[in-house]
Amino acid sequence: MDQLDLSSLSYEELVVFFFDRSAPGPSEETPSFASEGAECEWSHPEVAVSFLTRMCRDFAEIGRKYSLGQVNQAIWMIIGADFDLVEHLWDDSIPLRDRLTKSE
């Protein structure tokens, strides 16, 4: 099984990684990323927090670029069991100001 350190990707590469995927059809279940044969990690959890913050700021742009199905699938990947990026928002090793950053 391949190992991918998501912390090594740029913001743009992370957007492509999560959003630029074929969306399942209406009667298909959203596939599990684990079924693709790769394992992912965040060697620097602060990068995950930064990605989530910027993604929320740029969500209108992302929504214009990707289909509703792709956005839906990406959100489930981001908050789902395979990645659970939201867990990094509770990581007290990351400064609180970074975890609470508001959109500018």
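Residues numbered from 1 in each chain as written. Predicted model: local features only at pLDDT ≥ 70, side-chain atom pairs only at ≥ 80, totals over all residues. Heavy atoms only, no water.

A. Representation of the pattern of salt bridges. Taken as a whole, this structure holds two salt bridges when the rule is applied. The salt bridge involving Asp58 is made with Arg54; its shortest N-O contact spans 3.4 Å. Using a relative accessible area of 21% as the deciding quantity, one classes Asp58 as partly exposed. The structure contains a network of salt bridges with shared partners spanning Glu12, Arg54 and Asp58. (Salt bridge = Lys/Arg side-chain N within 4 Å of Asp/Glu carboxyl O. Buried < 20%, exposed > 50% of the residue type's maximum accessible area, 1.4 Å probe, protein only.)

B. Summary view of the packing of aromatic side chains. As enumerated under the stated definition, the model contains four aromatic pairs in all. Considering the side-chain rings of Tyr11 and Phe51, the 5.8 Å spacing of their centres and the 50° angle between planes classify their relative orientation as tilted. Pair noted here: Tyr11 is in helix H1 (residues 11-19) and Phe51 is in helix H2 (residues 45-57), with a separation of 40 residues, a long-range link. Summarising the burial analysis for this pair, Tyr11 and Phe51 share the class buried. Following the ring pairs from residue to residue traces out a cluster consisting of Tyr11, Phe17, Phe18 and Phe51. The ring of Phe17 carries Arg21 above its face, with NZ or CZ at 4.9 Å from the centroid. (Phe/Tyr/Trp six-rings, centres within 6.5 Å; stacked < 30°, edge-to-face > 60°. Helix = DSSP H or I, 4+ residues; strand = E, 2+ residues; numbered from the N terminus. Lys NZ or Arg CZ within 6 Å of the ring centre and 35° of its normal.)

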